[in-house]
Amino acid sequence: NPVNSVVPAMAELYKKKGLDPMKIIGITTLDVVRANKFVGEITSKNPTYINVPVVGGHAGTTILPLFSQDKAGKTIEADKIPDLDKHVQNA
């Protein structure tokens with residue numbers, strides 16, 4: 001995704017200007033927010049305290065949420081993960 005490709009360059013520009021590069025978000029952040037929301041719904045936990053990393057691209061099956069890397073996400077039964085993957089990918 002072109003937006004994600006620009007994020008590292010913008011972070012360097014922000015640093016040079018004395019700005020906080022952590023204020024820049026790429027499109028993958030949207031996938032993270034979605035994954036966190038869906039895990040919160042399934043586990044009845046507040047999504048604010050959920051942090052499911054997402055790797056890959058930002059199109060369909062290239063989106064790969066790593067549910068096992070989050071405390072709440074890892075409690076989801078393994079047989080539910082494929083459907084949850086699709087839910088994040090198609091949201």
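Residues numbered from 1 in each chain as written. Predicted model: local features only at pLDDT ≥ 70, side-chain atom pairs only at ≥ 80, totals over all residues. Heavy atoms only, no water.

Caption draft 1: Main features of the side chain of aspartate 85. Note on placement: aspartate 85 falls in helix 3 (residues 81-90). Buried charged residue aspartate 85 carries no salt bridge. Nearest counter-charge: lysine 86, at 7.9 Å. Aspartate 85 has contacts with Pro65 and Phe67, leaving out every residue within four places of it along the chain. (Helix = DSSP H or I, 4+ residues; strand = E, 2+ residues; numbered from the N terminus. Buried < 20%, exposed > 50% of the residue type's maximum accessible area, 1.4 Å probe, protein only. Lys, Arg positive; Asp, Glu negative; His and termini not counted. Salt bridge = Lys/Arg side-chain N within 4 Å of Asp/Glu carboxyl O. Contact = heavy atoms within 4.5 Å.)

Caption draft 2: Molecular detail of unusual backbone geometry. Positioned with a positive phi, serine 44 is a non-glycine residue whose angle comes to about 60°. Mapped onto the fold, serine 44 is located in the loop between helix 2 (28-43) and strand 1 (54-56). According to the relative accessible area criterion, serine 44 is exposed, its value standing at 68%.

Caption draft 3: Focus on the pattern of salt bridges. This model, assessed by the stated rule, comprises 3 salt bridges. In this structure, the salt-bridge partner of glutamate 12 is lysine 15, at a minimum N-O distance of 3.2 Å. Pair noted here: glutamate 12 and lysine 15 are both in helix 1 (residues 2-16), with a separation of 3 residues, about one helical turn. Between lysine 37 and glutamate 41 there is a salt bridge; the shortest N-O distance is 2.5 Å. Here glutamate 41 and lysine 37 lie together in helix 2, a separation of 4 residues that amounts to about one turn. Among the residues examined, lysine 37 registers a relative accessible area of 41% and is labelled partly exposed. A relative accessible area of 47% means that glutamate 41 is categorised as partly exposed.

Caption draft 4: Quick look at the packing of helix 2 against helix 3. It is at 9 Å that the axes of helix 2 and helix 3 come closest, and there the two elements cross at 135°. Taken together, the axis directions place helix 2 and helix 3 in an arrangement best described as oblique. As helix 2 packs across helix 3, the resulting crossing turns out to be right-handed. Contacts from Asp31, Arg34, Ala35, Phe38, Val39 and Ile42 of helix 2 reach helix 3 at Leu84, His87 and Val88. Its residues assigned to classes, the contact of helix 2 with helix 3 comprises 6 nonpolar, 1 polar and 2 charged. (Axes fitted to C-alpha atoms, helices over the stretch in contact; angles between N-to-C directions. Parallel < 35°, antiparallel > 145°, perpendicular 65-115°, else oblique. Left-handed = near helix turned anticlockwise from the far one by under 90°. Nonpolar A, V, L, I, M, F, W, Y, C, P; charged D, E, K, R; others polar.)

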